[in-house]
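# Breakdown of the fold
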Amino acid sequence: MADAQPTLDDLRRQIDEIDVTLQELIVRRAEVVTQVGALKNRVSGGARVVHMRPAREAIILRKLVERHRGPLSKATLVRMWCELMSASLRLEGSFSVAVCMPSASEAGYWDLARDYFGSMTHLIPRESARQALGAVFDGEASVAVLPMPQSTDSDHWWRLLLSRDAKAPRIVVRLPFGARGSERGAPVEALVVGPIVPEASGLDRSLVAVETAAELSRSALAAAFKAEALEPSFRVFGVGPAETGGYLHLIEVPGFLSPDDNRLARLARRLGPALQQVWTLGCYAEPLSDAELGIAARPKGGR
């Protein structure tokens, strides 16, 4: 006799049992997270610390996607885990996000922040990137979500990160990290900035600010980077003149680049007097691609 097929009530009972198990595991996870937060606070001696570790979060999400199977989409799973990790972050200590939102028509940055940091995280709207970053400097917000820098920007907010202070805010995440949600308006990209020491995730991109003499060309600067095995992508070229008379450039390179990386010292020697200063502004883990998430490529011209 063939095995009887489960009834609808049978399947619902299985779901109820799984829900209980899931909740118990979530409770257990939260208890461990609380212990982690207490340990971090003891180590910091009560000083204000942002407990967020973006590189570790990226590693967790990548592994989650790699081992996933079944009908539930990877994009949905990533969104669920972002919510879970954000809830865990709030258990470790206070956490809030300042979001650059110049107008209601630019609500995409708010949507990116909500999708990544969770629906229950306190978001603070600010009318400009400088105001959002100022909320981080003032301690009003833990991190800020700021527009991806462009050469056409009227206000190059990344210049406020030009500091040698190890505790200064740094670029740590690129958004969106997973699939886009119900984002309003035209699609936007953003960077997350906060007083967090950048860490390598294994698949990263770093951002470097360079101040050069006015006569140095883009091609000459690119050639110097390539000679040190640093493939440059110019986010912004030729902002200035700076206080010293030079010009500032924001350059992105593959891989994790620390402030004491020997390639930066060699780059300085290679450029000589043409290079006035160089700063590492942080890094971000490369976001998950549509292919990794199992999202079909959209047809050209499609929505």
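Anything mentioned here points back to the structure above.
A brief report on the enclosed structure follows. (Residues numbered from 1 in each chain as written. Predicted model: local features only at pLDDT ≥ 70, side-chain atom pairs only at ≥ 80, totals over all residues. Heavy atoms only, no water.)

## Considerations on the overall build of the chain
Helix and strand content of the chain: eight helices and nine strands. If you line up the chain on its principal axes, its C-alpha atoms span 85 × 50 × 40 Å. Nonlocal contacts in the chain, meaning residues at least 24 apart in sequence, comprise 74% of its contacts between residues at least 6 apart. (Helix = DSSP H or I, 4+ residues; strand = E, 2+ residues; numbered from the N terminus. Contact = heavy atoms within 4.5 Å.)

## Brief notes about unusual backbone geometry
Only a minority of non-glycine residues have a phi that is not negative, and only a minority of peptide bonds are not trans. Looking along the chain, the bond that leaves Leu175 and enters Pro176 is cis, with omega of 0 degrees. Examined against the element boundaries, Pro176 turns out to sit in the loop between strand S4 (170-175) and strand S5 (190-194). Even without being glycine, Ala229 reaches a positive phi, approximately 60 degrees. As for its placement among the helices and strands, Ala229 is situated in the loop between helix H6 (218-227) and strand S7 (233-239). Assessed through its relative accessible area of 64%, Ala229 is described here as exposed. (Buried < 20%, exposed > 50% of the residue type's maximum accessible area, 1.4 Å probe, protein only.)

## Looking at helix H4 (residues 108-117)
Of all ten residues in H4, eight are buried; the element is thus mostly enclosed. For H4, the complete set of buried residues consists of Gly108, Tyr109, Asp111, Leu112, Ala113, Asp115, Tyr116 and Phe117.

## Some words on the pattern of salt bridges
This structure, assessed with the given rule, holds 17 salt bridges. With a shortest N-O distance of 2.8 Å, Asp111 and Arg184 are connected by a salt bridge. Of this pair, Asp111 sits in helix H4 while Arg184 sits in the loop between S4 and S5, and the two are 73 residues apart along the sequence. For Asp111, a relative accessible area of 0% gives the class buried. (Salt bridge = Lys/Arg side-chain N within 4 Å of Asp/Glu carboxyl O.)

## Notes on the nonpolar core
Ranked by size, the top nonpolar core spans 34 residues in total, and within it Met52, Phe117, Val143 and Val145 carry the most contacts. Only helix H2 (54-67), helix H3 (74-92), strand S1 (96-100), H4, strand S3 (143-147), S4 and S5 provide two or more residues apiece to this core. Those residues within four positions of Val143 in sequence are excluded, and the remaining contacts are Val50, Met52, Phe95, Ser96, Val97, Ala98, Phe117, Val136, Val192, Val193, Gly194 and Ile196. Judged by nonpolar contacts, the second largest core, of 27 residues, contains Ala98, Ala129, Val193 and Leu250. (Core = buried A, V, L, I, M, F, W, Y, C linked by side-chain atoms within 4.5 Å.)

## Here we look at the pairing of strand S8 (residues 247-254)
Burial runs high along S8: six of the eight residues are buried. Two strands pair when backbone bridges link them, and strand S6 (residues 204-212) and S8 are joined in this way by eight bridges, in the antiparallel orientation. Pairing of Glu211 across the sheet is with Leu248, part of S8. One ladder, built from four bridges, connects S7 with S8; its direction is antiparallel. Each residue of the ladder has a partner; that of Ser233, found in S8, is Glu252. (Pairing = 2+ DSSP bridges.)

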